[in-house]
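So the chains spell out like this:
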Amino acid sequence: PDLNPEMAAELTQKFPSYHRVMPMRDLVLEQYPLTVDEYKMAIGAVEVACGVMMLVGLMDTLANLTLIAVMAAATMAHHELNETEGMQTTAVIAALLLLRLIMPRSSGAKDKAKTN
């Protein structure tokens, strides 16, 4: 909320709608009955944890796949609510994460080993 109060207010207002249309809602809520606020905090915690994991290189492929799944679910929720802008934004983020996953990575150590 401190970084962008307007966006925080908008998400707080819209999250009940996302909670109602989240993919696999019945299956998830049957096992983990989350309130709207708990759902919002859980999604945020997963996103932050995956971001940190990707930054430090700890299980970054798993973190990347998890974020792709989160973005795919968000895209589906925006589609259900006919929110074109939100759907486009989350789809672009998912596509960028997919590119990050499939693009070959080079490290300095591997490059040095090949030249020796």
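Anything mentioned here points back to the structure above.
Chemist: Would you mind showing me how to read the nonpolar core here?
Modeler: As a rule of thumb, soluble globular proteins bury nonpolar side chains together. By size, the foremost hydrophobic cluster in this structure holds 10 residues: C50, M53, M54, A63, L67, I68, V70, M71, A94 and L97. Breaking this core down by element, the ones donating at least two residues are α3 (36-56), α4 (60-80) and α5 (84-102). Here the element with the most residues in this core is α4; it accounts for five residues. In this structure C50 touches A63, T66 and L67, once residues within four positions along its chain are discounted. Core analysis: the second largest hydrophobic core is formed by five residues, F15, Y18, M22 and Y39 among them.

Chemist: How should the layout of surface pockets be read in this particular structure?
Modeler: To find the voids left in a structure, one rolls a probe of water-molecule size over its atoms. By volume, the largest pocket amounts to about 1400 Å³. L11, F15, I43, E47 and A74 are, among the 40 residues lining the largest pocket, the residues nearest its centre. Among the secondary structure elements, those contributing two or more residues to the lining of the largest pocket are α1 (5-21), α3, α4 and α5. In terms of residues, the lining of the largest pocket owes the most to one element, α3, which gives nine residues.

Chemist: Help me understand α4, please; the structure alone is not making it clear to me.
Modeler: Because each turn of an α-helix spans 3.6 residues, side chains separated by three or four positions in sequence point in the same direction. Between the first and last C-alpha of α4 there are 30 Å, a value that for 21 residues agrees with the 30 Å anticipated at 1.5 Å per step. Those residues of α4 not exposed but buried are D60, A63, N64, L67, I68, V70, M71, T75, A77 and H78. Residues of α4 that are buried sit in contact with α1, α3 and α5. Note on α4: the residue one or two positions beyond its end, N82, has a positive phi of about 55°.

Chemist: Mind showing me how you'd approach the pattern of salt bridges here?
Modeler: Side-chain pairs of opposite charge can arise whenever the charged atoms involved come near each other. Per the counting criterion, the structure on display carries four salt bridges. For E83, the salt bridge is made with K14, and the minimal N-O distance between the two is 4.0 Å. Placement of E83 in the loop between α4 and α5 and of K14 in helix α1 is noted, with a sequence separation of 69 residues between them. The network of salt bridges with shared partners includes E10, K14 and E83.

Chemist: Help me out: how do you make sense of a nonpolar patch on the surface in this one?
Modeler: Judged by side-chain polarity, V48, V52, L55, V56, L58, M59 and L62 come together as a nonpolar surface patch covering roughly 750 Å² of accessible area. With four residues, α3 is the single largest residue contributor to the nonpolar patch. Counting through the fold element by element, L62 comes out in helix α4.

Chemist: How should I be thinking about the environment of H78 in this particular structure?
Modeler: With respect to the secondary-structure elements, H78 resides in helix α4. With 57 residues separating them in the primary sequence, H78 and V21 have C-alpha atoms 8.7 Å apart. Setting aside chain neighbours within four positions, we find H78 in contact with Y18, E83, G86, M87 and T90.

Chemist: How should unusual backbone geometry be read in this particular structure?
Modeler: Negative phi values dominate among residues other than glycine, just as trans dominates among peptide bonds. Positive phi, normally seen in glycine, also occurs at M59, with a value near 50°. Looking at where M59 falls in the secondary structure, it is placed in the loop between α3 and α4. Even without being glycine, N82 reaches a positive phi, approximately 55°. Inspection of the secondary structure assignment puts N82 in the loop between α4 and α5. Overall, N82 belongs to the exposed group, its relative accessible area being 68%.

Cut-offs and rules
Residues numbered from 1 in each chain as written. Predicted model: local features only at pLDDT ≥ 70, side-chain atom pairs only at ≥ 80, totals over all residues. Heavy atoms only, no water. Core = buried A, V, L, I, M, F, W, Y, C linked by side-chain atoms within 4.5 Å. Buried < 20%, exposed > 50% of the residue type's maximum accessible area, 1.4 Å probe, protein only. Helix = DSSP H or I, 4+ residues; strand = E, 2+ residues; numbered from the N terminus. Contact = heavy atoms within 4.5 Å. 1 Å grid on protein atoms, 1.4 Å probe; cavity = no way out; pocket = protein on both sides within 12 Å on 5 of 7 lines; lining within 4 Å. Points joined across faces, edges and corners; volume = space filled by probe spheres on them. Expected span 1.5 Å × (residues − 1). Salt bridge = Lys/Arg side-chain N within 4 Å of Asp/Glu carboxyl O. Patch = residues over 30% accessible without salt bridge, like charges linked within 9 Å, V, L, I, M, F, W, Y side chains within 5 Å. Areas by Shrake-Rupley, 256 points an atom, 1.4 Å probe, with all protein chains shown as cover.

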